[in-house]
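Below, each chain spelled out in residue letters.
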Amino acid sequence: MPQDFIQQFIDETIQKAGFVNLSPQIIANYQESLRTLLLKKLGIEATALLSDSDLSELTGTLEKQPDTSPKAIFAFYDSHIEDFAEKMADVLREFQEEYLATVKQVTG
């Protein structure tokens, strides 16, 4: 997934949460936290969709090249998971819904 798309999604989520009037530093902290959580969630969900042989291939690649970029990893997922973009779009929607529900509970 392109990083600019991820950033756009995070910005939209922060806006929907009503956090746009917070200080730029607080927003930047939220953005970084959301990016970390979102990339972990996407990685976990995508990895669960891999076959055993694909998972072994990915693991081998990461062991040989531990600094593999997220872009390269997502390209791997895309080439090994049918309808990857659609499945990850579902994960994004779920992530945003859960995040906004949590924000609503916390802020009342």
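Here the structure is shown first, and the text comes after it.
Residues numbered from 1 in each chain as written. Predicted model: local features only at pLDDT ≥ 70, side-chain atom pairs only at ≥ 80, totals over all residues. Heavy atoms only, no water.

Peer 1: Please give an account of the nonpolar core that cites residues and values.
Peer 2: Of all hydrophobic cores here, the largest spans 25 residues; its most connected members are Leu-38, Leu-42, Tyr-77 and Phe-84. Tallying contributions element by element places helix 5 (residues 84-107) first for this core, with seven residues. (Core = buried A, V, L, I, M, F, W, Y, C linked by side-chain atoms within 4.5 Å. Buried < 20%, exposed > 50% of the residue type's maximum accessible area, 1.4 Å probe, protein only. Helix = DSSP H or I, 4+ residues; strand = E, 2+ residues; numbered from the N terminus.)

Peer 1: So what's going on with the packing of helix 3 (residues 52-64) against helix 4 (residues 70-80)? Which residues, and what values?
Peer 2: Packing of helix 3 against helix 4 brings their axes to within 11 Å, and their N-to-C directions diverge by 160°. Relative to helix 4, helix 3 is oriented roughly antiparallel. The way helix 3 lies across helix 4 gives a crossing that is right-handed. Here Asp-54, Glu-57, Leu-58 and Leu-62 of helix 3 come into contact with helix 4, specifically with Ile-73, Phe-76, Tyr-77 and His-80. (Axes fitted to C-alpha atoms, helices over the stretch in contact; angles between N-to-C directions. Parallel < 35°, antiparallel > 145°, perpendicular 65-115°, else oblique. Left-handed = near helix turned anticlockwise from the far one by under 90°. Contact = heavy atoms within 4.5 Å.)

Peer 1: Hey, could you go over the environment of Lys-104 for me, with residue numbers and the actual values?
Peer 2: In this structure, Lys-104 sits in helix 5. Looking at Lys-104, the relative accessible area reads 62%, which means it is exposed. Remark: the alpha-carbon pair of Lys-104 and Ala-72, spanning 32 residues in sequence, is separated by 35 Å.

Peer 1: Tell me what's going on with the pattern of salt bridges, and back it up with residues and numbers.
Peer 2: Enumeration over the complete set of coordinates arrives at four salt bridges. Taking the shortest distance from any N to any O, the salt bridge between Glu-12 and Lys-16 comes out at 3.3 Å. Of the two residues, Glu-12 and Lys-16 both sit in helix 1 (residues 3-16), four residues apart, roughly one turn of that helix. The exposure class of Glu-12 is partly exposed, given its relative accessible area of 34%. Salt-bridge contacts for Glu-94 lead to Lys-41; the nearest nitrogen and oxygen are separated by 3.3 Å. With Glu-94 in helix 5 and Lys-41 in helix 2 (residues 24-48), the pair connects residues that are 53 residues apart, well separated along the chain. In this structure Glu-94 comes out as partly exposed when scored by relative accessible area, which is 35%. Each of the salt bridges in this network shares a partner with another, and the network as a whole consists of Lys-41, Glu-45 and Glu-94. (Salt bridge = Lys/Arg side-chain N within 4 Å of Asp/Glu carboxyl O.)

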